[in-house]
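Remarks on the overall topology
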Amino acid sequence: MTFGSPEFVLFTLVVLTACAALDRSRRWIVLLVASATFYAAVSSIALLAILAFVTVISWAAALGSERHAGTRRANWFFWGGVLFPLGALGLKYAGFFVENVSAIAGWMGRTRPIAAMPVVATIGLSYYVLQALAYLIDVREGTVPAERHLGRHALALAFFPKLIQGPIERAGTLLPQLREPRPIAIADVAAGARLFVWGLFQKHVVADRLAPFVDPVFSDVRHHPGLPILIATYLYAAQLYFDFAGYTDMALGLGRAFGIRLTPNFSSPYFARSIAEFWRRWHISLSTWLLDYLFKPIQMGLRHWRTWGTPVALFVTFLASGLWHGANWTFVAWGLFHGAWLAASVLYRPLQRRIHRRLRLTDSKLLAVAQVALTFHFVCFGWIFFRAPTVGDAIAATRLLVSQLPATLAQAIRGNDLEALLYLGQGRGAFLAAVAAIAAGAVLRALLRHSGALTSDPDEQVAPVGLPAAYLRTATYAVLVYGIAVLGTSAQSFLYAQF
Amino acid sequence: MRSSRGKRAIVLGRLAGHVLVAALCLETAARLDDKFSYGAPFWRYYDPDGLRAPDAEGVVRNVPGASFEKWRINALGFRGETIALERVPGRRRIGCLGTSETFGLYERESGEWPARLGRLLKEKSHPDVDVFNASVVGLNRGTRQRYVDKYVLPLRPDVLVLYLNVLSEASYRPPLPGTSAPPAGASLWARLPASRVLPKLRRAVRKLVPDSIWRRYRVWSLSRAVRRGEAAVLGTRPSADVLPAEAASRFEAYLRDLIGAERERGIAPVLATYPTLGAVTNRERYRAEFLDERIWHLELSELGMIDAATRLNDVIRRVGGELAVPVADADAALPKTSDYFSDYVHYTDAGAELVAGTVFAALERAGLLESGVTPVKRVETVERPR
């Protein structure tokens, strides 16, 4: 069973029916059993056991930490609670660690190889561990009370719509909704279904259509000249966005159907005017987690460093962000790249402001467009490291991009070898269909947002629409359903599930 | 104040409005999709049945220039690349005459076996040989020779590969005198633009249903259809487990006549045995495929279909040997599994590749690919295709 598959939809309908039929006070049982079943189906029993382990430890540690608040014992509970989930997260990095230690040992002349660790698939682990850590910190700081009900705490960590790819929820927003569940309402189910359909469209019609263009280029990046790498990078930027935003919308839609508001993760990230703004719009639940639980404590700790405190805190935070995405040097490089740029931007911002004021560009629309374009290309450059199999490949791609782009671009303008240079071997029709799918995704997103159809909040009052607007909405969803059913390509796994 | 009945009517009216809007949008999306994907007309009739039609004399042939999804008919009325009507001196032509399995159904675009044979010839150093696919879906004994004379002979093929559907031949009955099929699209209903979204949605739903459930459903629904068909066609008579001897004799006589007719017209005939998925050992495994094919041959039981294919393929081999006609033994070449068959008689890409290879080997063995070998006696009195 994969997220969004027909089996998954059927499974969700059964769970939803059971929730609607049962008393609200017992809903957590249905949802917890459903979440455990789903997790076992998409991962393994061993990972389900780890989830249970992290759940029990974090629950007990939070209770202990709260009960003994202000004493040394509270610290023991807290650190115990933090270290166990972090230890579980270590599973993800064990292979990477051993591989690198082995390489260092080899450089130092050690001839006996260190046994390689098997790569362990850790679906969802990074997401619920962060959530457990946030909960422990919040309880310790008194921001949220410790949850006494183990079942509810378990459900907060494992709620199946957000288990394998987030959003990374905070206890302060999720637990109250689980304590006092809303009735299953037709309006919420309908709104949730609309969000889910939109998410499926983004995933199956847009993101999956782009994979056949991107994958061959990045799996053999050294044998592609400049222009194909540039186009594959642009397409990857779109693929990653629609894949992850599609998943998030499906998760938000499911949450809404169950009367639970989950945190939106995206807010038109490619329209950001700076990298800092990009991170306020991209994977918002992770960005805010990193901001609150990593960046701010480090910044506070380094406040006596004056000018350098914030840049260093940013650098460290994004290094951690890179590592969180995966046990590979490519992610480390990607995190460092973003961290370095953000750190530098903190340092040069006063100068930048002065220049803008001097040139009277502060409110210039032209400047805004240029900033959006620059930020987008910067982000795309980062995606090369994010997508390439190795750092060497990413560097090779960058080198080829710079050295061969003018020649291949000129070739393409002359109309030579368009099949390889522009269509990436997939044919003109498929390329145009992919471009059209991206455009359709962007336009429909704007339309749906504008009409208020994408709200995940059951409490948000959306003004009732008139009859023509209601028909327009029906028409839009009919087109989405057609796209998913007929134009959707064969399902690929979600990109962010690997993190 | 509106009455509750009035309110209900308004709600139902709005609901009907939403259903109508959704249906219209789905249909429009399907038509735009066809337009952009295949260049299909937006308003006009677009259906696979539009690929072929009977001409004024009742000979069913492909409609020149017609297209439906991946199927495109060239200007001469054949599937595949357009070739010039006039022959280029020094080049040879091979025609492939069959029905739907040769026309190509489930293979990818340009994956039908005649197209593969053309590519194979070019790869194997025979660039001077052109292959054209002269097949028509549903072509049968009644009009085959007239079709060849009218539409295939003008291309002056040196070789004609006769790929006969032995199951259709086994159950062929000549039409009663004075009867003919009504021309396609004659009724008003048939001329109305049919829904294009429904078949697409049906295919999408099929993809959603797990294979095991879908197969069970198909076996159930096809069993019902076969039972009903048997009751209508056979009444209380049982279907035959063995092909009647006179059917085999009739086929043999027809085959000999056909070979003679092609030779008279200066064409070197090549025969091919006809592979089918069915075997006694795989009846349970391919239950749905057996039933799906039986609907067309209700007088034969499943064992009867296997027997008919075996015996008529033996006739093809024997007659080929006796009349010195090369035989491509495609039946022996294709393993009877779904790796090679998409249904009981149509091929997957792998199946089509094997058939092409087998025909190529037969042509090569018979020396028909060597320059200047084929004796061509021209018949000049044939019409050009219209």
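Values in this document were obtained by computation on a predicted structure and should not be read as measured data.

Here we look at the overall build of chain B
Across its full length, chain B holds 13 helices and 9 strands. Residues counted as buried form 34% of the 386 residues belonging to chain B. Within chain B, counting contacts between residues at least 6 apart in sequence, those at least 24 apart form 75% of the total.

Re the pairing of strand β5 (residues 92-97) of chain B
All names here are of chain B. Of all 6 residues that make up β5, 6 are buried, and the element is covered over most of its length. Going residue by residue along β5, you find R92, I94 and C96 tucked away on one face and R93, G95 and L97 tucked away on the opposite face as well. In this structure, β5 lies alongside strand β6 (residues 129-133), joined through 5 bridges in parallel fashion. Note that in β6 the partner of C96 across the bridge is N133. Note: β5 against strand β7 (residues 159-163), 4 bridges, orientation parallel. In the sheet register, C96 faces β7, and the bridge partner there is V161.

Description of helix α16 (residues 391-413) of chain A
Residues and elements named next belong to chain A. Helix length check: α16 (23 residues) gives 31 Å between terminal C-alpha atoms against 33 Å at 1.5 Å per residue, within 8%. Within α16, burial applies to A394, A397, L400, L401 and T408. Looking at the buried residues of α16, the elements they touch are α10 (226-257), α14 (329-358), α15 (365-387) and α17 (418-421). After α16 finishes, the residue G415 shows a positive phi value of roughly 85 degrees.

Some words on the packing of helix α13 (residues 309-325) of chain A against α14 of chain A
Helix packing for two helices is described by the angle between their axes and how far apart those axes are. Residues and elements named next belong to chain A. Between α13 and α14, the least distance of the axes is 7 Å, while the angle of their chain directions is 160 degrees. One finds that α13 runs roughly antiparallel with respect to α14. Judged by the twist between their axes, the crossing of α13 over α14 is right-handed. Contact residues: α13 offers T310, P311, L314, F315, T317, F318, L319, S321, G322, L323 and H325, while α14 offers F331, V332, W334, G335, L336, H338, G339, A340, L342, A343, V346 and L347. Looking at the contact of α13 with α14 residue by residue, the classes come out as 15 nonpolar, 8 polar and no charged.

Let's talk about the pairing of strand β8 (residues 268-272) of chain B
All names here are of chain B. By the criterion of burial, β8 is predominantly enclosed, with 5 of the 5 residues buried. Burial along β8 is two-sided: the face carrying A268, V270 and A272 and the face carrying P269 and L271 are both buried. Sheet analysis places β7 next to β8, joined by 5 bridges and oriented parallel. Counterpart to V159 in the pairing with β8 is A268. With 2 bridges connecting them, β8 and strand β9 (residues 327-328) associate as parallel partners.

A few points about the interface of chain A and chain B
Taken residue by residue, the interface counts 10 residues in chain A and 13 residues in chain B. Top contributing element to the side of chain A that touches chain B by residue count: helix α19 (residues 467-487) of chain A, with 9 residues. Partitioning the side of chain A that touches chain B into residue classes produces 9 nonpolar, 1 polar and no charged.

A few points about the environment of A146 of chain A
All names here are of chain A. Position of A146 among the secondary structure elements: in the loop between α5 (125-141) and α6 (150-158). On the neighbour-count criterion, A146 (23 C-beta atoms within 10 Å) is buried. With 251 residues separating them along the chain, A146 and A397 place their C-alpha atoms 49 Å apart. With residues near it in sequence (within four places) discarded, A146 still touches A62, L63, E66 and V139.

Points about α15 of chain A
Residue pairs spaced three or four apart in an α-helix point in one direction, given the helix's 3.6 residues per turn. Residues and elements named next belong to chain A. In a regular helix each residue adds 1.5 Å, so 23 residues correspond to 33 Å; α15 covers 32 Å between its end C-alpha atoms and thus fits that length. For α15, the full list of buried residues reads T375, V379, G382, W383, I384, F385, F386 and R387. Among the structural elements, α9 (186-219), α10, α11 (275-281), α14 and α16 are those in contact with the buried residues of α15.

Some thoughts on the confidence of the model for chain B
Residues and elements named next belong to chain B. Of the residues in chain B, 90% have a pLDDT of 70 or more, and the chain-wide mean is 86. Residue range residues 178-186 is modelled with pLDDT below 50. Its contacts to residues more than four positions away, or to other chains, number 9 contacts. A low-confidence stretch, residues 374-386 (pLDDT under 50), is modelled with 24 contacts involving residues beyond four sequence positions or located in other chains. The complex model carries a pTM of 0.78, and its ipTM stands at 0.71.

Side note on the environment of D128 of chain B
Residue and element names in this part refer to chain B. Along the chain, the position of D128 falls in the loop between α3 (113-123) and β6. Separated by 36 residues in sequence, D128 and R92 have C-alpha atoms that sit 6.4 Å apart. Among residues more than four places away in sequence, those in contact with D128 are G90, R91 and R92.

Description of the domain arrangement of chain A
All names here are of chain A. Domain annotation for chain A reports domain 1 (6-181) and domain 2 (188-493). Put simply, the middle of domain 1 and the middle of domain 2, counted by C-alpha atoms, are 27 Å apart. Each partner contributes to the interface: domain 1 provides 21 residues, whereas domain 2 provides 21 residues. Sorting the residues of the side of domain 1 that touches domain 2 by element identifies α1 (6-21), α4 (72-107), α5 and α7 (160-163) as the ones contributing at least two each. Here the side of domain 1 that touches domain 2 gets 5 residues from one element, more than from any other, and that element is α5. Looking at the side of domain 1 that touches domain 2 residue by residue, the classes come out as 12 nonpolar, 6 polar and 3 charged.

Definitions and cut-offs
- Residues numbered from 1 in each chain as written.
- Chains lettered and ligands numbered in written order.
- Predicted model: local features only at pLDDT ≥ 70, side-chain atom pairs only at ≥ 80, totals over all residues.
- Helix = DSSP H or I, 4+ residues; strand = E, 2+ residues; numbered from the N terminus.
- Buried ≥ 20, exposed ≤ 12 C-beta atoms within 10 Å, placed from the backbone.
- Contact = placed C-beta atoms within 7 Å.
- Pairing = 2+ DSSP bridges.
- Expected span 1.5 Å × (residues − 1).
- Axes fitted to C-alpha atoms, helices over the stretch in contact; angles between N-to-C directions.
- Parallel < 35°, antiparallel > 145°, perpendicular 65-115°, else oblique.
- Left-handed = near helix turned anticlockwise from the far one by under 90°.
- Nonpolar A, V, L, I, M, F, W, Y, C, P; charged D, E, K, R; others polar.
- pLDDT = per-residue confidence, 0-100.
- Domains from an automatic or database assignment.

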